[in-house]
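# Examination of the molecular architecture
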Amino acid sequence: MADNLEKIELEYILNTSPAILFNRLATPSGLSEWFADNVNVKGKIFTFIWEGSEQQAEQTLRKENKMVRYQWLDEGMEDIWFEFDINVDELTGDVALIITDNVEPEDKEDTIELWDQQVDVLKHGLGSS
């Protein structure tokens, strides 16, 4: 299943601090503001809930105010992960959110569009739209 996946990297400049952004990327309350309708966590297992459907992912990597990675746990998705990196430009101080995702090539455009929409919600919630 994961053999034919294509890695995509998307970058978004956000008008916020790394600490505030990290909270939106790494905590159930933060993620439920923009990524899913609701998020529950038990240990490192996050359950993302969207309009009646659920998916589980494990938070496999976490560096405070820097990055967080989630590995999907659903059947057939065991090798698929996505990652949020926070990059601060040393010269401008701009805070960039870099999203790395692994997608089926035929889903690439839809996935990028979905991330764009989700990040718009995130920006709106951060007051940086």
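Here goes a summary of the coordinates provided. (Residues numbered from 1 in each chain as written. Predicted model: local features only at pLDDT ≥ 70, side-chain atom pairs only at ≥ 80, totals over all residues. Heavy atoms only, no water.)

Turning our attention to the overall build of the protein. When its secondary structure is counted, the protein shows three helices and seven strands. Taken over the C-alpha trace, the protein has a radius of gyration of 14 Å; the compact-globule value for 129 residues is 14 Å, and the two agree within 12%. The C-alpha extent of the protein, read off along each of the three principal axes, is 40 × 30 × 25 Å. Split into buried and exposed, the 129 residues of the protein put 42% on the buried side. Within the protein, contacts between residues separated by at least 24 positions form 45% of all contacts whose residues are at least 6 apart in sequence. Split by element, the accessible area of the protein, about 7,400 Å² in all, is 45% carbon and sulfur. Side chains of the protein give 10 positive and 28 negative charges; the mean places of these two sets differ by 10 Å. (Helix = DSSP H or I, 4+ residues; strand = E, 2+ residues; numbered from the N terminus. Rg over C-alpha atoms; globule rule 2.2 N^0.38 Å. Buried < 20%, exposed > 50% of the residue type's maximum accessible area, 1.4 Å probe, protein only. Contact = heavy atoms within 4.5 Å. Areas by Shrake-Rupley, 256 points an atom, 1.4 Å probe, with all protein chains shown as cover. Lys, Arg positive; Asp, Glu negative; His and termini not counted. Charge placed at Lys NZ, Arg CZ, Asp CG, Glu CD.)

Here the focus is the pattern of salt bridges. Scanning all chains against the criterion turns up four salt bridges. Its salt-bridge partner being Glu33, residue Arg24 comes within 2.8 Å of it at the nearest N-O pair. Judged by its relative accessible area of 44%, Glu33 is partly exposed. (Salt bridge = Lys/Arg side-chain N within 4 Å of Asp/Glu carboxyl O.)

Reading across from one edge, S1-S7-S6-S5-S4-S3-S2 is the order of the seven strands in this open sheet, with antiparallel pairing throughout. Both outer strands of the open sheet, strand S1 (6–14) and strand S2 (38–42), are each paired with one neighbouring strand and no more. Averaged over all adjacent pairs, the angle separating strand axes in this sheet is 25°, with direction ignored. Alignment of S1 against strand S7 (residues 95–103), held across nine bridges, turns out to be antiparallel. Considered in S7, the bridge of Leu14 is made with Val95. Its contacts with the sheet put helix H3 (residues 108–126) on S1, strand S6 (81–88) and S7, and the angle it makes with S1 is roughly 25°. (Pairing = 2+ DSSP bridges. Axes fitted to C-alpha atoms, helices over the stretch in contact; angles between N-to-C directions.)

Its place among the elements puts Ile99 in strand S7. Note: C-alpha distance between Ile99 and Glu83 (16 residues apart in sequence) is 5.7 Å. Those residues within four positions of Ile99 in sequence are excluded, and the remaining contacts are Ile8, Glu9, Leu10, Tyr12, Glu83, Phe84, Trp115 and Val119.

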